[in-house]
Amino acid sequence: MTFVLGLTGSIGMGKSTTAQMFADEGVSVWDADAVVRELYDVGGKAADIVAQHYPDAMENGAVSREKLRGLIADDPAVLDHLQKIVHPLVGANRAEFLATAEAPVVLLDIPLLFETGTDNLCDGIAVVSVSAEEQRARVLERGEMSEADFELILSRQMPDAEKRVRARWVILTQTLDAARQSVKDILAEIAKELPDA
Ligand SMILES: CC(C)(COP(=O)(O)OP(=O)(O)OC[C@H]1O[C@@H](n2cnc3c(N)ncnc32)[C@H](O)[C@@H]1O)[C@@H](O)C(=O)NCCC(=O)NCCS
Ligand SMILES: Nc1ncnc2c1ncn2[C@@H]1O[C@H](COP(=O)(O)OP(=O)(O)OP(=O)(O)O)[C@@H](O)[C@H]1O
């Protein structure tokens, strides 16, 4: 039996960092944002489609995320269209990962886990969370998104409080040590529930 653990959290809450902690503990990780990056890269399945609709978003055969952010800032409907292009391709990649998964615990790292109904595929869900002030500071510190970009993305995500209510586990990401401890605790709990424990 494979336990499918969902990991989600709003933008900048620490999903990728926490997913790496699960990987360090031997969990097999599937990362939705990383799949999107591959799809946008030269020769990626989404690159051709985006090029047809948004030639201004392209740079050297790949989708430029900086240019995309500009197009979305000018017209948020572009993000709806991108989701229609990208999400079926992401879903196919995820299905293939799950069909071939053999590890006792696999992790699905998905920012829009609840929003897309993917929570239904999971045996348990953990949400990463930190204060809204820290979240904002982390995203803006990266220097990629403007405040307006951040607000737009945030407005399209389920509020953190609602995610926390829906999840079985909440991983607080104020410090790396606290998050790492939560990761170990969650895996110990899951291990007890696996049939051959
Ligand atoms: C909006 C884009 C251009 C921003 O790119 P950028 O490199 O700045 O950020 P990155 O891709 O690393 O995403 C950062 C975070 O933004 C949030 N986010 C991304 N896309 C979306 C979306 N469609 N709705 C809500 N939040 C989103 C997530 O929390 C994600 O972790 C890019 O995320 C994109 O093309 N999104 C559309 C595809 C999508 O829906 N991806 C979500 C995973 S399936
Ligand atoms: N447990 C933690 N303790 C301290 N800092 C953290 C922790 N987790 C993440 N961070 C910091 O927060 C920032 C965002 O983390 P990360 O990239 O993992 O978030 P994310 O949720 O994957 O972001 P995005 O939604 O934009 O993809 C990074 O600078 C990272 O170093």
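Residues numbered from 1 in each chain as written. Chains lettered and ligands numbered in written order. Predicted model: local features only at pLDDT ≥ 70, side-chain atom pairs only at ≥ 80, totals over all residues.

1. Focus: the overall build of the protein
Regarding its fold elements, the protein presents 9 helices and 7 strands. Relative to the globule expectation of 16 Å for 197 residues, the C-alpha radius of gyration of the protein, 17 Å, shows essentially globular dimensions. Expressed along its principal axes, the backbone C-alpha trace of the protein runs to roughly 55 × 40 × 25 Å. Across the 197 residues in the protein, those meeting the buried criterion constitute 28%. (Helix = DSSP H or I, 4+ residues; strand = E, 2+ residues; numbered from the N terminus. Rg over C-alpha atoms; globule rule 2.2 N^0.38 Å. Buried ≥ 20, exposed ≤ 12 C-beta atoms within 10 Å, placed from the backbone.)

2. Section: the packing of helix α2 (residues 32-40) against helix α5 (residues 77-100)
At a minimum axis distance of 10 Å, the contact between α2 and α5 shows a crossing angle of 115 degrees. Considering only the axes of α2 and α5, their crossing is right-handed. Facing A32, V35, V36 and L39 of α2, the residues of α5 in contact are V86, L89, V90 and N93. Per-class residue counts for the contact of α2 with α5 are 7 nonpolar, 1 polar and no charged. (Axes fitted to C-alpha atoms, helices over the stretch in contact; angles between N-to-C directions. Left-handed = near helix turned anticlockwise from the far one by under 90°. Contact = placed C-beta atoms within 7 Å. Nonpolar A, V, L, I, M, F, W, Y, C, P; charged D, E, K, R; others polar.)

3. Quick notes on the UniProt feature "binding site: ATP" (unreviewed entry) in the protein
Sites flagged by UniProt as "binding site: ATP" (unreviewed entry) map to G12, M13, G14, K15, S16 and T17. If you trace the backbone, G12 turns up in the loop between β1 (3-8) and α1 (15-24). Since 23 C-beta atoms lie within 10 Å of it, G12 is described here as buried. G12 has contacts with Q135, R138 and V139, leaving out every residue within four places of it along the chain. Within the secondary structure, G14 sits in the loop between β1 and α1. (UniProt positions renumbered as here; feature names shortened; annotations may be inferred.)

4. Considering the site of ligand 1
What surrounds ligand 1 is a group of 21 residues, the closest being I11, R65, L68, P111 and R156. It is α5 that provides the largest number of residues to the shell around ligand 1, a total of 6 residues. When the residues that make up the shell around ligand 1 are grouped by side-chain class, the tally is 13 nonpolar, 3 polar and 5 charged. (Near = placed C-beta within 6 Å.)

5. Overview of the sheet that holds strand β6 (residues 124-129)
Spatial ordering of the open sheet is given by β2-β5-β1-β6-β7, a layout of 5 strands whose pairing is parallel. Edge positions in the open sheet fall to β2 (28-31) and β7 (169-172), since each of these has one partner strand only. Between one strand axis and the next, the sheet turns through 25 degrees on average, direction left out of account. As paired elements, β6 and β7 share 4 bridges and run parallel to each other. (Pairing = 2+ DSSP bridges.)

6. Notes on the site of ligand 2
Close contacts around ligand 2 come from 15 residues, with G14, K15, S16, T17 and A179 the closest. Top element by residues in the shell around ligand 2 is α1. It accounts for 3 residues. Residue composition of the shell around ligand 2, grouped by class: 5 nonpolar, 7 polar and 3 charged.

7. Some thoughts on the nonpolar core
Generally speaking, nonpolar side chains in soluble globular proteins are found buried as a group. With 36 residues, the main nonpolar core has L5, L107 and A126 as its most contacted residues. Within the residue set of this core, elements represented by two or more residues are β1, α1, α2, α3 (45-53), α5, β5 (105-109), β6 and α9 (176-193). Residue assignment places this core across two domains, with domain 1 (1-27 + 104-192) and domain 2 (33-102) each supplying three or more. Not counting residues up to four positions away in its chain, the partners in contact with L5 are V105, V106, L107, C122, D123, G124, A126 and I190. (Core = buried A, V, L, I, M, F, W, Y, C linked by C-beta atoms within 7 Å. Domains from an automatic or database assignment.)

8. Comments concerning the domain arrangement of the protein
By the assigned domains, the protein splits into domain 1 (1-27 + 104-192) and domain 2 (33-102). Placing the centre of domain 1 and that of domain 2 at their C-alpha centroids yields a distance of 21 Å. Opposite the 9 residues of domain 1 that make contact, domain 2 presents 8 residues. For the side of domain 1 that touches domain 2, the secondary-structure elements that each account for two or more residues are β5 and α7 (147-155). When residues in the side of domain 1 that touches domain 2 are grouped by element, the largest group, 3 residues, is from α7. By residue class, the composition of the side of domain 1 that touches domain 2 is 6 nonpolar, 2 polar and 1 charged.

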